[in-house]
Amino acid sequence: MWARMKPRTAKSVDALIEAVVRGELDEAQTLRLCTESPELVTLALLAAGKRIAELQQSTQAQQPSPSTPSGMVPIYTKPNTPKRRKKPGAKQGHPGHRRKQPERIDQRQTHRLKRCPCCGGALQRCERKRTRTVEDIPEETEPVVTEHTIWRDYCPKCKKHVEPMVPDALPRATIGHHLIALTAWLHYGLGVTIDQIVDILGYHLQTELTPGGLIDAWRRLAEIVLAWYEQIAEEARNSAYLHADETGWRVNGWGCWLWCFANDRNCYYTLEYCRGSPVLQEFFTEAFDGVLITDFWAAYDSVEAADRQKCIPSRRAGTGRAGEGGSAQRLGRVAGLCQEASSAAA
């Protein structure tokens, strides 16, 4: 068929077929293609069908399998599924939930218009009024700086000078208990970064601190809470049942494992470079006299337990493991801090 056509006509027909394949054929080109010959229409439809099949195959190749985790699926391939918003408020017949009124009133203000805000006319005074309670933080917050004068006296019996302890701060600390507790809660409880904490204290609370000073204060705090940390581990070992799980972790770029032992009363975290049975043998110093609830990781079989319960595998592939998430990450940092304090004490 191409041999019977003139070169200029064949070139024009090629341009029409390429426009069909690219999906750029307009109405005028379509009419021209139909008037040429039935053979050209057949050729154009075959080329378009082949192109459509290729596009479908490439699209199916890009579609993730059902076992692909949601985090590994490209965002542009996920369908737009807007979440259905719930109707605000409690259900019909259920009691409503409102913020509790404050128990004290620190100051009172009275507001009354002198003229109408719409037309500016005079107002006729009435006895109608309402109250509204507003809680806010002070506009200017300044730290309280206290100078402690510490008397040092001599003890003839002990033959040395003694002095009282300052109850408002840790030994050798220049910031008080409230500030240390607030910064530790922001970092380990809420996951706020150290640089952000420094900015919050410097701008909003007008307290200048350095990252090194914060870390040093938290290490001293870890020495105090270390006894409670070890008590949680002891109570977990002596509980009637215990869940155990581990998840990957990074410490200064090195791969570690965050181990979690928890029940309804205790939650103990420890950071280890090992995922095997030595960690479990170190934690369970004796046979566990309770129900140990784990997944099918073989290392848990090394624990001598009175009874065992295996978790039910999820049918949906790619679901998250127990222990992962923001809470695990923040408590993992606390566990690492307490372990540093334990190593320093040893």
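Residues numbered from 1 in each chain as written. Predicted model: local features only at pLDDT ≥ 70, side-chain atom pairs only at ≥ 80, totals over all residues. Heavy atoms only, no water.

1. Some remarks on the overall build of the protein
- Tallying secondary structure elements over the protein gives eight helices and seven strands in all.
- Looking at the 346 residues of the protein, the share that counts as buried comes to 24%.
- The contacts in the protein between residues at least 6 apart in sequence include a share of 44% that link residues at least 24 apart. (Helix = DSSP H or I, 4+ residues; strand = E, 2+ residues; numbered from the N terminus. Buried < 20%, exposed > 50% of the residue type's maximum accessible area, 1.4 Å probe, protein only. Contact = heavy atoms within 4.5 Å.)

2. Observations regarding the packing of aromatic side chains
- This structure, assessed with the given rule, holds nine aromatic pairs.
- In this structure an aromatic cluster arises from ring pairing among Tyr229, Trp259, Phe261, Tyr268, Phe283, Phe284, Phe288 and Tyr300.
- A cation over an aromatic ring shows up here: Arg237 above the ring of Phe283, its NZ or CZ 5.1 Å from the ring centre.
- Residue placement shows Arg275 over the ring face of Trp297; its charged tip is 4.0 Å from the ring centre. (Phe/Tyr/Trp six-rings, centres within 6.5 Å; stacked < 30°, edge-to-face > 60°. Lys NZ or Arg CZ within 6 Å of the ring centre and 35° of its normal.)

3. A few points about the packing of helix H4 (residues 177-189) against helix H5 (residues 194-203)
- Close contact between H4 and H5 brings their axes to 10 Å; oriented N to C, the two are set at 135°. By the angle between their directions, the pair H4 and H5 is classed as oblique. Read as a crossing pair, H4 and H5 show a hand that is right-handed. Within the contact between the two elements, H4 uses Leu179, Thr183, Leu186 and His187 and H5 uses Ile194, Ile197 and Leu201.
- Here the contact of H4 with H5 is built from residues that sort into five nonpolar, two polar and no charged. (Axes fitted to C-alpha atoms, helices over the stretch in contact; angles between N-to-C directions. Parallel < 35°, antiparallel > 145°, perpendicular 65-115°, else oblique. Left-handed = near helix turned anticlockwise from the far one by under 90°. Nonpolar A, V, L, I, M, F, W, Y, C, P; charged D, E, K, R; others polar.)

4. With respect to the sheet that holds strand E6 (residues 288-294)
- An order of E5-E4-E3-E6-E7 is seen for the five strands of this open sheet, with the pairing classed as mixed. A single partner strand is all that each edge strand has here, and the edge strands are strand E5 (267-272) and strand E7 (305-310). Each strand of the sheet is rotated relative to its neighbour by a mean of 25°, with strand direction disregarded.
- Relative to E5, strand E4 (residues 254-262) is paired through six bridges, and the arrangement is antiparallel. What sits directly across from Phe261, in E5, is Tyr268.
- Where helix H6 (residues 211-237) meets the sheet, its contacts fall on strand E3 (241-251), E5 and E6, and the angle it forms with E5 comes to roughly 110°. (Pairing = 2+ DSSP bridges.)

5. Focus: the nonpolar core
- Core analysis: the largest hydrophobic core is formed by 18 residues, its most contacted members being Leu242, Phe261, Leu280, Phe283 and Phe284.
- At the level of elements, H6, E3, E4, helix H7 (277-283) and E6 are the ones that each hand at least two residues to this core.
- For this core, the element with the most residues is H6, which contributes four residues.
- The contact partners of Phe284, leaving out residues within four places of it in the chain, are Arg237, Leu242, Phe261, Leu292 and Val303. (Core = buried A, V, L, I, M, F, W, Y, C linked by side-chain atoms within 4.5 Å.)

6. A closer look at a nonpolar patch on the surface
- On the surface, a nonpolar cluster with roughly 290 Å² of combined accessible area is contributed by Leu182, Trp185 and Leu190.
- Tracing the backbone shows Leu190 in the loop between H4 and H5.
- Judged by relative accessible area, which is 43%, Leu190 ranks as partly exposed. (Patch = residues over 30% accessible without salt bridge, like charges linked within 9 Å, V, L, I, M, F, W, Y side chains within 5 Å. Areas by Shrake-Rupley, 256 points an atom, 1.4 Å probe, with all protein chains shown as cover. Salt bridge = Lys/Arg side-chain N within 4 Å of Asp/Glu carboxyl O.)

7. Digging into the pairing of E6
- Judged by how many residues are buried, E6 sits mostly within the fold: five of seven residues are covered.
- Across three bridges, the pairing between E3 and E6 is parallel. The residue bridging His243 from the neighbouring strand is Ile293, located in E6.
- Two strands pair when backbone bridges link them, and E6 and E7 are joined in this way by five bridges, in the parallel orientation. Directly across from Thr294, in E7, lies its bridge partner Lys310.

8. Some thoughts on the state of the cysteines
- All chains considered together, the criterion is met by zero disulfides.
- Looking at Cys116, it has no disulfide partner, and the nearest cysteine sulfur is the one in Cys119, 3.8 Å off.
- We classify Cys116 as partly exposed; its relative accessible area is 21%. (Disulfide = S-S within 2.5 Å.)

9. Topic: the pattern of salt bridges
- Taken as a whole and assessed by the stated rule, the structure comprises six salt bridges.
- Of the charged contacts, one joins Arg237 and Glu234 as a salt bridge, the two residues approaching to 3.0 Å between their closest N and O atoms. With Arg237 and Glu234 both in helix H6 and three residues apart, the pair spans about one turn of that helix.
- On the basis of relative accessibility, which here comes to 38%, the residue Glu234 falls in the partly exposed class.
- Asp301 serves as the salt-bridge partner of Lys310, at 3.5 Å between the closest nitrogen and oxygen.

10. Here's the deal with H5
- Among the residues of H5, Ile194, Ile197, Val198 and Leu201 are the ones counted as buried. The arc enclosing the buried residues of H5, seen along the axis, measures out at 100°, which places them on a common side. Those residues of H5 that are exposed and angled more than 90 degrees off the buried face are Asp195, Asp199 and Tyr203.
- Close packing links the buried residues of H5 with H4 and H6. (Arc of directions from axis to C-beta.)

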